[in-house]
Amino acid sequence: MRLRDMAGASVVGERRPRRRVLDLTVRSPVLEDAARVRLLLPRAWSRDASRTWPVLWLLHGAGAGRDGHTAWSDHTDIEELTEDADVIVVMPDGGPCGNYTDWWNRGGGGAPKWETFHLAELGRILERGYRAGPERAIAGNAMGGLGALAYAARHRGHFRAAASFSGPVHTLYRNPSGLDVADLVELGVAIGAPSLDWTDVWGDPREQRVVWRQHNPYDLAGRLAGVRVHVSAGDGTAGPFDAAPGGADVLESLAGTVSREFAAKLGKLGIPVTTHFYPGTHTWPYWRREMRATLPALLAEIT
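Residues numbered from 1 in each chain as written. Predicted model: local features only at pLDDT ≥ 70, side-chain atom pairs only at ≥ 80, totals over all residues. Heavy atoms only, no water.

### Details of the pattern of salt bridges
(1) Moving on: Summed over all chains, the structure comprises 20 salt bridges.
(2) Moving on: We note a salt bridge from arginine 19 to glutamate 83, for which the minimum N-O separation is 2.6 Å. One end of the pair, arginine 19, is in the loop between strand E2 (10–18) and strand E3 (21–27); the other, glutamate 83, is in the loop between helix H2 (78–81) and strand E6 (88–92), with 64 residues separating them in the sequence.
(3) Moving on: Owing to a relative accessible area of 52%, arginine 19 belongs among the exposed residues under this scheme.
(4) Moving on: For glutamate 83, a relative accessible area of 21% corresponds to the partly exposed category.
(5) Moving on: Here arginine 136 and glutamate 127 are joined by a salt bridge, their closest N and O atoms 3.1 Å apart.
(6) Moving on: Residue classification places glutamate 127 among the partly exposed residues on the basis of a relative accessible area of 34%.
(7) Moving on: Bridged by salt links that share partners, the residues Arg19, Arg20, Arg43, Glu83 and Asp84 form one connected network. (Salt bridge = Lys/Arg side-chain N within 4 Å of Asp/Glu carboxyl O. Helix = DSSP H or I, 4+ residues; strand = E, 2+ residues; numbered from the N terminus. Buried < 20%, exposed > 50% of the residue type's maximum accessible area, 1.4 Å probe, protein only.)

### Details of the nonpolar core
(1) Moving on: Counting 65 residues, the largest nonpolar core has Leu39, Val90, Tyr130 and Phe262 as its most contacted members.
(2) Moving on: Of all the elements, helix H4 (residues 143–154) adds the most residues to this core, at seven residues.
(3) Moving on: Residues Val21, Leu56, Met91 and Trp284 belong to the second largest nonpolar core, which totals 24 residues. (Core = buried A, V, L, I, M, F, W, Y, C linked by side-chain atoms within 4.5 Å.)

### With respect to unusual backbone geometry
Excluding glycine, residues mostly carry a negative phi; peptide bonds, for their part, are mostly trans.
(1) Moving on: At the junction of alanine 111 and proline 112, the peptide bond is cis and its omega measures out at -5 degrees in the coordinates.
(2) Moving on: Assignment of secondary structure puts proline 112 in the loop between E6 and helix H3 (114–129).
(3) Moving on: The phi torsion at tyrosine 100 lies on the positive side, around 50 degrees, for a residue other than glycine.
(4) Moving on: For tyrosine 100, the location among the structural elements is in the loop between E6 and H3.
(5) Moving on: A positive phi angle is found at alanine 142, which is not glycine, with a value near 55 degrees.
(6) Moving on: By the secondary structure assignment, alanine 142 is in the loop between strand E7 (132–141) and H4.

Written out as structure tokens, the structure is:
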């Protein structure tokens, strides 16, 4: 099958490895390479149905590589959890760096444009060819949590609910004596796209501070009014899913710090938010648990 979006993105391949699983390969003029997308389809789904289905988007973190679209299927029981849910679950490739943004590229724009690909091109493809409806929720782990809240804030009304699990949701948080979110962006590009400069994402956080603020959930918090928001993160210490006590997990400690600051900002703005802060590390067993706990609330907003 070949389904083309108005802007030029097209589905160039489909594969159905399991009954409810449909994997798409999509080529887009705003990406440098083909992207893959995994769909979990409801039992009654049909391409020719006269109805549409609500959509739950799940975003992966940085470092997932070419298999980012399978991360939630590989590491959680999301397929079993949604077996009886009357929704389409969309798990798109978010690139090796997981920044979920149209790259600034020194002010010149151009590829990759992940935000445009996801919310404009892929969104239209899903609506036109796969019976996706206008009721949407979004969640993500790690950098995917940043993406989930940034997408919901930057596109008001597009998502009814948004959840971040261990997301670095305050990108301009500074820690002069330790790790901060700008360091994560730099590290992600160094690992995922080593031939590129990390400032191509949003520029330098001091010189292009306006660009950073335009993509920072903390600065955009007021735009989440009317969205059901959930934020969770560990504190970086060993928790129930860690084999033995060890040194502090600096990634999760940072996620916990900025997630608390973000939740406090929402509270000051009078925007409801549910939270879960816990002992634990930056690992999938915790995100699996958090998804189990949060999924009913996400689905309640769209079904």
